[in-house]
Every structure is written in C-alpha cells, then in structure tokens.
Amino acid sequence: MLDSPFPSPSTAAGRAYIGCGAGFAGDRPRAAVALVEALAACDGPRYLFFELLAERTLAEAQLRRLSDPERGYASQLFAFLEPVVARCLALGIPIITNGGAANPTAAARRLRDQLSALGLTARIACVLGDDLVGEAADADWLPADCPSDEIVSCNVYIGAEAVAQALAEGADIVIGGRLADPSMVVGALRHAHGWAGDDWAKLAVATAAGHLLECGTQVSGGYFADPAHKPVVDPAHLGCPIAEVGSDGSLVITKVPGSGGGVSERTVKEQLLYEVHDPAAYLTPDVTLDLSGVHLERLGPDRIAVHGITGHPAPATLKGNLGLRGLWFGEAGISYAGPGAVARVRLALEILRQRLAEETPALHPHFDVIGVASLFNDGDGTWLDQALAAAPEVADVRLRVGIVDRDREAIERALQEVEALYLNGPAGGGGVRRQLGESLRTQAFFIPRTRVIPYLTWH
Amino acid sequence: MHPKILLADVAHARAGDKGNTLNVAVFVFEPAHYAWLERTLTEAIVAERFAHRRPHKVTRHCLPGLHGINFVIDGALEGGVNQSATLDRHGKSLSYLLLGLRLPSPAA
C-alpha cells in the first residue's frame, strides 16, 4: 500500500478522479494545464472544476450584467477555460464551474462561439434556478430587516442534482451560477458512481472531497507555509489538488505529480476545518456533513486518506445571499521612515484623529500603523494604542485609515485630510495613496427547498 | 511558576470567515500534546485574546481524531469582509493572533 506510484492503474478500479483548477476568481489562470495532464494519466472517470465565486463576487457580477446583458459571468472565467478547454474535450474530461456567476447563459454563448471559431463543438449545459433577484423584493422569505430597494443580487446555494443530471445527459462543460462549492464535486461523483441523492454516507464523502478541493491549493501547500515550522517545497509552483474517490466511499487527497507544494496531514487538517463552524453539522444543499469522527492516514508522499466521514439528511432549507448596495469603503495612507519614524507616525495619528473628529464626526474611522499594528486592530483603537505605547523604534511605518459608511462625500473629505498631511503633518511624510469605491454587502437568508427549482439549458 | 511556551512553537492554525464570524482551527504538531491543548486552550482564554474585537460568543469544538480544536468566534471581524474598515477584511491573519498566545508549557 505504501508509496504506490501515481497513478496506479492496477489499483485504480472503481475510482473517480477530480481536480480543482481554481479555488477563487483571483487564482493562477494557467495552473490547470498541468492538472489536466495529470488527470489524463488517470484510469477512470475524470473531472475538472473551477470554483470562482465568493459572497461578494456574485453581487459585483450582477452589477456588470445590469450594464451589459452579455456580461455578468466571472470576469476571469475565460482566462481559466481557454488554456484547457480544447484538451479536456479531446480527453473527454468534463469541466464544471460556478463561474457563470450572474449570467451563465452569456458565458455559454461566448464559449460556444469561441469553440466554433476553433472548429470545435461541445455540449454545454447551464445550471439555472439559483437567481431569485426578480422576485426577492416582494418575497415572503425575505428577511424583515432587509432594505428591498438596495437589493442587487439574490442567489440561493443549489446542490449537485442538476450537475449530475447534466453530466448524465452528456455535458462536456457545465456552467452554473451559485452552485455550492462542494456540490460541483458531489455532482461529478454522483455521475461517476451512480450515488443516489439520499445516500447520505456517500454524499458526505463527496462533500468532504469537494470541501477539501474547493479552495484549490489551500490543501496542497497554499495559505500554509511558515518557514520556521511548516516549510513548503517550491512554493512558486504549487500543484493543483486531486481527489481520488472510490465507489466504496474511500477518499484520498493528492496533487499534480512533480509540482511544488505538498499534501500532508497538516495541510489536509487545516483545510478540513476551513470556514467550518460545527464540525458535526456542516450544512450543504446535498447533505449535512459530519467531520467529528474524521482521522487521516498517510499512504505515501503527497497522498492522504481521509477516514471516518459521516453524513446526515440534507437540511430542509437552502441558504441564500442577498447582495445589497448603499455602502462605500475608503482607504488612505501616508508613510514615515528613518530616525524618529514611530514618534512622527504617532503624531500623524493624533492629528488625523483630531481632524476627523472635527470635520467628519459621524464617521467611524479605523486606524492602523503598518509596521507596528495593522492586522489585529479593533475599531476603537484599543489594540493599536497599546502597541504604539510599547513600540520599539521601527525604521519604516505607514499610517492607514479605513472607513465604511453610507455617506460617500464624508468619506471623501476624510481621505482628503490624509492627503493634507503632506503639508500640514509631521516632517518627512510621503507616499499618500487613497481609494474609494462602492462596498457591496451581503445578507444571508434561508428559503424552503421546495421554493427553488434548478433546471438545465443547453447551448 | 510554570515555564511558558509560545503556542506557535507547538501548534499550527488556519483562520476562515463567514460573514462576521471567524473560525480558527488549531492543531498540535505532536499528537501527544493534544490532551494538553484541550486542557489549556479554553474558550475563556480565546475570548480574552480576542476581547478587543468584542466577540458576542466563543465556541470550541474538539476534534481528538485530528489532534485539534476548532474555535468559532462570533462577531470578531468588525462587520465581516463586506462591511469592515480593517486592512484584513477576511481576518485571514487572525490565526496568528491566537498562535501568539503564551501558555503554560506541555512539559511542565
């Protein structure tokens, strides 16, 4: 069992292979090229997926769709698809993505046209039904405290059923909107192994596989390296992760052979609990996942088996997210360096606090001093003031202010006060930068499962 | 007086966010230290470490099979990724706030 070569056709019977080519919209666009070649060498059903949505990205995509009906899919979707789509079609590796965001059918049309220009055809399925923005304002499931005139997007996390159906009907590419991240993997594995929609034990394994893979390299050496205790090999070339899932419900996490990074018990543990609250009840549209009894086994280099996953029936309600307008987010900073830098930044902070209290008293500015305390601070400045009082001399520091508010003009005036420190502030202040933009916010809601009907369109 | 150690020297951790809720999962490097972790890293100590962020609630979930504990810290993200004015709106760096704790040594 130990150190089995990857992939090993002799032991691969009954296994499906699924790789994650992107864990978020800002991921490395060409990382999937090597992943597809690794999948090509696997013996069994193989799938590639790209996870491209976060809570806020869907609301941003909906705004793009409002300005142009042919936009509104993840803006980097084609940067991820273009390097691999022809090869995947040739190999028969289906691609699944939620990068359709607010406009999956526009993405499908563009992809169809691009493929056609290359002389290629594909069966492209869109999974729709997650987008309820048209009915949200008057709906009885809308949270009572939600300002209906500020809604820009309303999407329900939908499960694996439609993905599995699309694959069963021969889809080469499945493009969805708010498909739940792990459900892309669950849909693939239901297709590969014929698992039923109420086989909670198997769906739990599939969901755990999806959860471990959905952030891409976060399970294979990303968001992990700490030179003192947790070194990572060749971190500039992290390999995409692959799950090997047996029809018996066995699960092994590995990665692209010959790539950088690593899959270890430590990387898998950290990702297993990532964004999880109660490990005994991780709610997804497909199953209630129970990780409380999980233990890991190292099978060989970069091969970790995950045992002890259990599942319970899927929740009766589905979670949704409303994207809301109305808030603005501004930031500005100014730097000090050399002798007395800390004393000067402390003075700049004092001046700025006084000025903003006088000029924009309704705002709640958040202050940081990069180089002394910038990441652990609180809105009251308690942590920052303690850190500044105890700060040793630092050679190079930067004062930062961040403000979130409904009053765009007031934020603008506050940021102007940072710029004014060039002339009116302590000696040697340089490098002012300021930015101000809309800050779409989200609000979660729950809706009875029976009120959401996912469906497929073909392109 | 027990000797103290830095949590980062015996454990690793990862932070995640959902709305205004932070979770930090902490795992000991040496499985033999897990009993010490469960005894030492209490909800009260974590609540105190994050007190300046004024969390509403701290809940811990023990995972002996993984030699780790998941802490769920409600209300610790200054409003969360879409409403916070902080530099690190996700709170991704906050695993290291926890790992900066000094605790009685497991060897003591």
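Residues numbered from 1 in each chain as written. Chains lettered and ligands numbered in written order. Predicted model: local features only at pLDDT ≥ 70, side-chain atom pairs only at ≥ 80, totals over all residues.

Enquirer: Outline the overall build of chain B, supporting the account with residue identities and numerical values.
Expert: A count of helical and extended segments in chain B gives three helices and six strands. Ordering the α and β elements of chain B from the N terminus gives β-β-β-α-α-β-β-α-β. In terms of overall size, chain B behaves like a compact globule, its C-alpha atoms giving a radius of gyration of 14 Å where 108 residues would be expected to give roughly 13 Å. Each principal axis of the C-alpha atoms in chain B carries an extent, and together these give about 45 × 30 × 20 Å. For chain B, buried positions account for 47% of its 108 residues. Here the analysis covers contacts within chain B between residues at least 6 apart in sequence; of these, 61% occur between residues at least 24 apart. (Helix = DSSP H or I, 4+ residues; strand = E, 2+ residues; numbered from the N terminus. Rg over C-alpha atoms; globule rule 2.2 N^0.38 Å. Buried ≥ 20, exposed ≤ 12 C-beta atoms within 10 Å, placed from the backbone. Contact = placed C-beta atoms within 7 Å.)

Enquirer: How would you sum up the sheet that holds strand 2 (residues 11-18) of chain B? Please name residues and give values.
Expert: Read from one edge of the open sheet, four strands run 2-3-5-4 (chain B), paired in antiparallel fashion. Each having just a single partner strand, strand 2 and strand 4 (57-63) of chain B make up the two edges of the open sheet. Between one strand and the next, the sheet's axes are offset by a mean angle of 15°, whatever the strand orientation. Bridge analysis of strand 3 (residues 21-28) of chain B against strand 5 (residues 68-74) of chain B gives seven bridges, and the strand direction is antiparallel. Bridge pairing in strand 5 of chain B places B:Thr21 opposite B:Asp74. Relative to strand 2 of chain B, helix 10 (residues 265-272) of chain A is tilted by about 30°, and along the sheet it contacts strand 2, strand 3 and strand 5 of chain B. (Pairing = 2+ DSSP bridges. Axes fitted to C-alpha atoms, helices over the stretch in contact; angles between N-to-C directions.)

Enquirer: Describe the nonpolar core, with residues and values.
Expert: A general feature of soluble globular proteins is that nonpolar side chains tend to end up buried together. Counting 139 residues, the largest nonpolar core has A:Ile18, A:Leu35, A:Leu48, A:Val163, A:Val174, A:Val185 and B:Val24 as the members making the most contacts within it. If you tally residues by element for this core, the top one is helix 9 (residues 200-213) of chain A, at nine residues. Leaving out residues up to four positions away in the same chain, B:Val24 has contacts with B:Ala13, B:Ala15, B:Phe71, B:Ile73, B:Leu94, B:Ser95 and B:Leu98. Grouped together as the second largest cluster of nonpolar side chains are 25 residues, A:Phe329, A:Leu352, A:Leu399 and B:Ala85 included. (Core = buried A, V, L, I, M, F, W, Y, C linked by C-beta atoms within 7 Å.)

Enquirer: Residues and numbers for the confidence of the model for chain A, please.
Expert: Confidence in the prediction for chain A averages 95 pLDDT; 97% of positions are at 70 or higher. Scored below 50 in pLDDT, residues 1-13 of chain A makes 17 contacts in the model with residues more than four places away or belonging to other chains. (pLDDT = per-residue confidence, 0-100.)

Enquirer: Report on the packing of helix 8 (residues 181-193) of chain A against helix 9 of chain A, specifying residues and quantitative values.
Expert: Residues and elements named next belong to chain A. Interhelical geometry of helix 8 versus helix 9 gives an angle of 130° and a closest axis separation of 7 Å. Taken as axis vectors, helix 8 and helix 9 run oblique relative to one another. The hand of the helix 8/helix 9 crossing is right-handed. Counted together, Asp 181, Pro 182, Ser 183, Met 184, Val 185, Val 186 and Leu 189 of helix 8 and Leu 203, Ala 206, Thr 207, Ala 209, Gly 210, His 211 and Leu 213 of helix 9 form the full contact between these two elements. By residue class, the composition of the contact of helix 8 with helix 9 is nine nonpolar, four polar and one charged. (Parallel < 35°, antiparallel > 145°, perpendicular 65-115°, else oblique. Left-handed = near helix turned anticlockwise from the far one by under 90°. Nonpolar A, V, L, I, M, F, W, Y, C, P; charged D, E, K, R; others polar.)

Enquirer: Provide a residue-level description of the sheet that holds strand 5 (residues 151-156) of chain A, including the pertinent values.
Expert: Residues and elements named next belong to chain A. The three strands are arranged 5-14-19 in an open sheet whose pairing can be described as antiparallel. Looking at the sheet topology across the chains shown, the edges are occupied by strand 5 and strand 19 (441-448). Mean inter-strand twist for the sheet, computed between neighbouring axes without regard to direction, equals 25°. In this structure, strand 5 lies alongside strand 14 (residues 317-324), joined through five bridges in antiparallel fashion. Looking at the pairing, Ser 153 lines up with Gly 323 of strand 14. Lying on the sheet, helix 2 (residues 57-67) is in contact with strand 5, strand 14 and strand 19; it crosses strand 5 at an angle near 125°.

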